[in-house]
Structure formats: C-alpha cells, structure tokens
Amino acid sequence: MNPWRLLLLGWLLLLPACRYTFVPLDPGRAALPNRFSVSGTLEATERGALARLTVRRLAEPAYLELRWYKGDQLFQERSIWVEKPGTYQARFERLDDGYYRLVVLVQNSPLLQLELGSPLLPPPPAP
C-alpha cells in the first residue's frame, strides 16, 4: 500500500479523537448554590462589646451561633435566629482590655471571625 495513503488513513482515524464528545459544545453556565453571606463589626463599649452583623444572603432560615472567646477560652455563647437578610446586634461582656474573639457559625461551619484587642504573641527569635 502507498505510504501516503497509509498516513492519510491514520490521520483520518485519529482526527475524531481530537473533538469534543458531548453535545452541545457549550454546556452553559452552572448555577451557584445559595450560601450565607455575613459581614460584621465589633466595637468596644464601657464594660463589654457590641457586635453588629449584616446578613446579606442566606440559603434557608437558621441560627447564627456566636461564640465569644477570651484568649483561647470560650467565655460566652449566643444564638440569633435569622429568617431574612438584615442587620442584627449582640452584646458581650468583657473582663478587661485583653484579647477577645467572636466566631460566627452556621450549622457548625465557621463564617466569620471578629477580633477585639491585641493577641499575645511570642517574642521574635534572637538573631
């Protein structure tokens, strides 16, 4: 057999392997899942802290679980029932001007962490 015919036959057999195997060629845009979107601020007050949380988007009504930590110890817990987007507030106590963290969770998944004060960091290593 002529080598050119053999090469052409091989090329014609391999050409379909380079094409897409699904129809339509453009599958379209996938819809993103509806998830929680929460932002917030944490302000120091005279003997406590005020958390303002803004819920922009939510998948379904749920509890926002608020965990207030002093250093690495859990100090207080609160829950806020959220049915629609909006702004929500919560007050927490402070013992001193130390380092405090507020962790916001939905269905045991952390969404947001807000901090108040300065964390105690170890000293830098000696040169």
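Read on for a plain summary of the structure.

Reading guide: rules and limits
- Residues numbered from 1 in each chain as written.
- Predicted model: local features only at pLDDT ≥ 70, side-chain atom pairs only at ≥ 80, totals over all residues.
- Heavy atoms only, no water.
- Pairing = 2+ DSSP bridges.
- Helix = DSSP H or I, 4+ residues; strand = E, 2+ residues; numbered from the N terminus.
- Axes fitted to C-alpha atoms, helices over the stretch in contact; angles between N-to-C directions.
- Polar contact = N/O pair within 3.5 Å; in protein donor to acceptor, adjacent residues only side chain to side chain.
- Contact = heavy atoms within 4.5 Å.
- Patch = residues over 30% accessible without salt bridge, like charges linked within 9 Å, V, L, I, M, F, W, Y side chains within 5 Å.
- Areas by Shrake-Rupley, 256 points an atom, 1.4 Å probe, with all protein chains shown as cover.
- Salt bridge = Lys/Arg side-chain N within 4 Å of Asp/Glu carboxyl O.
- Buried < 20%, exposed > 50% of the residue type's maximum accessible area, 1.4 Å probe, protein only.

1. Details of the sheet that holds strand β3 (residues 62-70)
Reasoning step 1: Taken in spatial order, the four strands line up as β4-β3-β6-β7 in an open sheet, and their pairing is antiparallel. Pairing within the sheet leaves two strands with one partner each, and these edge strands are β4 (73-82) and β7 (109-116). Here the average twist between neighbouring strands, direction ignored, is 20°.
Reasoning step 2: Alignment of β3 against strand β6 (residues 100-106), held across six bridges, turns out to be antiparallel. Each bridged residue has a counterpart across the sheet, and for E65 the counterpart in β6 is L105.

2. Structural notes on the side chain of Q76
Reasoning step 1: As for its position among the elements, Q76 is in strand β4.
Reasoning step 2: Here the side chain of Q76 touches E93 through a polar contact of 3.2 Å, landing on its backbone nitrogen.
Reasoning step 3: Excluding residues within four positions of it along the chain, Q76 makes contact with L66, R67, W68, F92 and E93.

3. Digging into a nonpolar patch on the surface
Reasoning step 1: A contiguous nonpolar surface patch, about 320 Å² in accessible area, is contributed by L6, L9 and L13.
Reasoning step 2: Here L6 is to be found in helix α1 (residues 3-14).

4. With respect to the sheet that holds strand β1 (residues 37-44)
Strand pairing within a sheet occurs via backbone hydrogen bonds; the two strands may be parallel or antiparallel.
Reasoning step 1: Here we have three strands laid out as an open sheet, ordered β1-β2-β5, and antiparallel in their pairing. Of all the strands in the sheet, just β1 and β5 (86-93) have a single pairing partner and so form its edges. Direction aside, neighbouring strands of the sheet carry axes that sit 20° apart on average.
Reasoning step 2: Two elements, strand β2 (residues 48-57) and β5, share eight bridges in a ladder whose sense is antiparallel. Paired with G48 across the strands is E93, a residue of β5.

5. What about unusual backbone geometry?
Reasoning step 1: The backbone of Q107 sits at a positive phi, close to 50°, despite the residue not being glycine.
Reasoning step 2: Structurally, the position occupied by Q107 is in the loop between β6 and β7.
Reasoning step 3: With relative accessibility at 53%, the residue Q107 sits in the exposed group.
Reasoning step 4: We note that N108 has phi near 60°; this positive angle belongs to a residue other than glycine.
Reasoning step 5: Relative to the helices and strands, N108 is located in the loop between β6 and β7.
Reasoning step 6: The class of N108 is exposed, set by a relative accessible area of 57%.

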